[in-house]
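Descriptive analysis of the structure
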Amino acid sequence: MVNEYNEISYAKKMLSSGFLTNKRMYELNILAKYFFYLGYKPKEVQERVVDFCNNYFDSFSEAKYFDKIQSILNNAKKVPIIEVGTIRITEREVEFINSIKESFKFNDVLFCLLVIRKIRDKLGQQPYLNCKYTKFTKMCGLSSPKVLYPILRRLEQLGFIRVCRNSNLEILFNIDASNSQTVIEVNDFDNIYAYYHNYLGKGRYVECSSCGKMVRVNGNRQKYCKECYAERQLEWQRESMKKIRENKM
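Predicted model, so just to flag it, every value in this text is computed and none were measured.

What follows concerns the side chain of T86. Topologically, T86 is positioned in the loop between α4 (66–78) and β1 (87–90). Reaching out from T86, the side chain makes a polar contact with the side chain of N187 at a distance of 2.6 Å.

As structure tokens, this is what we get:
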């Protein structure tokens, strides 16, 4: 899970665990931005990115990936790193969403829009969605954008949003949550709906111990998403084989 709103935290996880997804070039961009954020010079950033690849990228060759590394460095130097942290949802905000007598999926979308509005406010940006509907559909836990469209039309009818000509959305509603207790803390902005479902008891979700992705669980011992669990199994197998070889020596 590449979390575009908490890049500092993501980079720290990478430094302790290696690549967290198969989107390696995207993740290296985050890592390079983090090194620039720490104050390293371009040459030092390049050396650290290459060292990271040598440690965690099995088929990595500096000569082969030279142009891509340079492109990553040039981009990372220009774009500031983003760290939103945790988005806290209060009891009053949840009560407002629950008071809207529409479908459960409607409330999922409204909850996600609330979180995005709070992200944008925290970044000092205007309250627009600013992402593709396919991505927003996933944030809401919906099966496809076709399910999303009638909900957006209804939201516009009720005055909660304004659909712009370029298909962007302006989030018009804002809830006074002052002096209201925090009841939900959102960290995974790719699966926002899961926090709302957790709160309502509509399923049980936990944040993956490795990448932070929200995953639905059926038992008490699950700690990882499928991707990270597969990676951990490979690590356990490598460690087991290493111990066997050491014992034979």
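As a further point, take the nonpolar core. Grouped together as the largest cluster of nonpolar side chains are 43 residues, with contacts concentrated most on I89, V109, F111, V115, F136, L155 and V186. Sorting the residues of this core by element identifies β1, α5 (91–99), α6 (104–122), α7 (133–139), α8 (145–157), β3 (169–171), β4 (182–186) and α9 (193–200) as the ones contributing at least two each. Element by element, the count of residues in this core is highest for α6, at 10 residues. Contacts of V109, omitting those with residues within four sequence positions, involve F136, C140, L142, L148, I151 and L155.

A few words now on the packing of aromatic side chains. Tallying each qualifying case throughout the model produces 17 aromatic pairs. Measuring from ring centre to ring centre gives 5.1 Å for F19 and F52, while their planes differ by 75 degrees; the resulting arrangement is edge-to-face. Here the residue F19 occupies a position in the loop between α1 (7–17) and α2 (24–37), and F52 occupies one in helix α3 (residues 42–56), the gap between them amounting to 33 residues. An angle of 45 degrees between the planes, with centres 6.2 Å apart, marks the rings of Y34 and F35 as tilted. Note on accessibility: Y34 and F35 belong to one class, buried. An aromatic cluster of at least three residues, connected via ring pairs, comprises F19, F52, Y56, F57, F60 and Y65.

This brings us to α1. Turning to α1, its buried residues number three or more, namely E7, I8, Y10, A11 and M14. The buried residues of α1 occupy one face: seen down the axis, they fall within an arc of 160 degrees. Where α1 is buried, its residues touch α2 and α3. Downstream of α1 by one or two residues, G18 has phi in the positive range, about 90 degrees.

The subject of this paragraph is the state of the cysteines. In this structure the tally under the stated criterion is 0 disulfides. No disulfide involves C140; its nearest neighbouring cysteine sulfur is the one of C112, lying 3.7 Å away. The class for C140 is buried, based on a relative accessible area of 1%.

To continue, consider the environment of E62. Relative to the helices and strands, E62 resides in the loop between α3 and α4. Assessed through its relative accessible area of 40%, E62 is described here as partly exposed. The sequence separation of E62 and I184 amounts to 122 residues, and the corresponding C-alpha distance is 44 Å. When sequence neighbours within four positions are dropped, the list of residues in contact with E62 reads Q46 and V50.

Moving on, we come to the environment of Y26. One can find Y26 in helix α2. Linking Y26 and R204, residues 178 residues apart in sequence, is a C-alpha distance of 30 Å.

Moving on: the layout of surface pockets. Of the volumes computed, that of the largest pocket is approximately 980 Å³. Where the lining of the largest pocket is concerned, the elements lending two or more residues are α2, α3, α7 and α10 (226–248). Taken together, the residues of the lining of the largest pocket sort by class into 11 nonpolar, 7 polar and 15 charged. Looking at the second largest pocket, its volume works out to about 280 Å³. When contributions to the lining of the second largest pocket are tallied by element, the ones reaching two or more residues are α2 and α6. Here the element with the most residues in the lining of the second largest pocket is α2; it accounts for 5 residues.

Thresholds, definitions, all that
Residues numbered from 1 in each chain as written. Predicted model: local features only at pLDDT ≥ 70, side-chain atom pairs only at ≥ 80, totals over all residues. Heavy atoms only, no water. Helix = DSSP H or I, 4+ residues; strand = E, 2+ residues; numbered from the N terminus. Polar contact = N/O pair within 3.5 Å; in protein donor to acceptor, adjacent residues only side chain to side chain. Core = buried A, V, L, I, M, F, W, Y, C linked by side-chain atoms within 4.5 Å. Buried < 20%, exposed > 50% of the residue type's maximum accessible area, 1.4 Å probe, protein only. Contact = heavy atoms within 4.5 Å. Phe/Tyr/Trp six-rings, centres within 6.5 Å; stacked < 30°, edge-to-face > 60°. Arc of directions from axis to C-beta. Disulfide = S-S within 2.5 Å. 1 Å grid on protein atoms, 1.4 Å probe; cavity = no way out; pocket = protein on both sides within 12 Å on 5 of 7 lines; lining within 4 Å. Points joined across faces, edges and corners; volume = space filled by probe spheres on them. Nonpolar A, V, L, I, M, F, W, Y, C, P; charged D, E, K, R; others polar.

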